[in-house]
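Spelled out, the chains give:
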Amino acid sequence: MGVLLCHGFTGSPQTLRPWAEYLAAHGFTVSLPLLPGHGTTWQDLARTGWRDWYGEVDRAFGALASRCEQTFVFGLSMGGCLALRLAEVHGSAVRGLVVVNPSLAPDTKLFLLAPVLKYVLRSLPGIASDIKKPDAHEIGYDRIPVRAAATLPQLWGATTRQLGDVTQPVLVYRSTVDHVVGPASMKVLLAGVPKDRLTVRECADSYHVATLDNDAEAIFEGSVKFVADQSG
């Protein structure tokens, strides 16, 4: 049984490592790729875009699926959007999805203006480490490269246009307080994915990076049960 985990924009595999380790301890074959432009400097990220990030998770999915009888895809934030895109493209080869605070729509006008702002601004303040739990920290960039952010609307658009094609079961964990992804994304998800395919669970004690926050254990346990239910 394989699980591909997709991290978010300006983040790194560190945000999902505890989840990956939990899954591995329960016998799953796990893949947690580093997206292009991430894990180094924001200037490196500025030289990449959504097709680079999707291309990497698509490559990783193919490699994992070739080794596993069944393959699931999990994702956080933008990684949740990439997971949904993989499900649209690969169909039944993706057995099911677990997404945490998925990003599917612009939550501020910044993202709508980014295609223009990229010509006048190189970067903006970062969005990393939105975590409620004391002493927990996300390793992420302290600046957002506008040129890279300007490609996010294209990813959102490509994904949301085909949400009706998602026939796989989707388990969603949603933080009741999220300072990064607002309600617009959840509205898009609820409107697009067939209702009988979608299960939404609230994370009442976590902010955006719930995989490192107070609800992490519930997410990890719930995801293992979800896989067992879908593969049983």
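Details of the structure are given in the entry above.
Let me sum up the structure you'll find in this document. (Residues numbered from 1 in each chain as written. Predicted model: local features only at pLDDT ≥ 70, side-chain atom pairs only at ≥ 80, totals over all residues. Heavy atoms only, no water.)

Looking at the pattern of salt bridges
On inspection of all chains with the given rule, the structure shows 5 salt bridges. Across the salt bridge formed by Glu 88 and Arg 85, the nearest N and O atoms sit 2.9 Å from each other. Taken together, the residues Glu 88 and Arg 85, both in helix α4 (residues 78–90) and 3 residues apart, mark about one turn of the helix. Taken as a pair, Glu 88 and Arg 85 share a single burial class, namely buried. Here Lys 132 ties to Asp 205 by a salt bridge, and the two come within 2.8 Å at their closest N and O atoms. Residue Lys 132 is found in the loop between β5 (123–125) and β6 (143–145), and its partner Asp 205 is found in the loop between β8 (198–203) and α9 (216–231); the two are separated by 73 residues along the sequence. (Salt bridge = Lys/Arg side-chain N within 4 Å of Asp/Glu carboxyl O. Helix = DSSP H or I, 4+ residues; strand = E, 2+ residues; numbered from the N terminus. Buried < 20%, exposed > 50% of the residue type's maximum accessible area, 1.4 Å probe, protein only.)

Digging into the packing of aromatic side chains
With the rule as written, the count across this model stands at 5 aromatic pairs. When the ring of Phe 9 is compared with that of Trp 53, the centres are 5.5 Å apart and the planes differ by 55°; the resulting orientation is tilted. Residue Phe 9 is found in the loop between β1 (2–6) and α1 (17–25), and its partner Trp 53 is found in helix α3 (residues 50–65); the two are separated by 44 residues along the sequence. An identical accessibility class is assigned to Phe 9 and Trp 53; each is buried. Ring geometry for Trp 19 and Phe 220: centres 6.0 Å apart, planes at 20°, overall stacked. One end of the pair, Trp 19, is in helix α1; the other, Phe 220, is in helix α9, with 201 residues separating them in the sequence. Judged by its relative accessible area of 7%, Phe 220 falls in the buried class. An aromatic cluster of three or more residues is present, and its members are Trp 19, Tyr 22, Phe 74 and Phe 220. (Phe/Tyr/Trp six-rings, centres within 6.5 Å; stacked < 30°, edge-to-face > 60°.)

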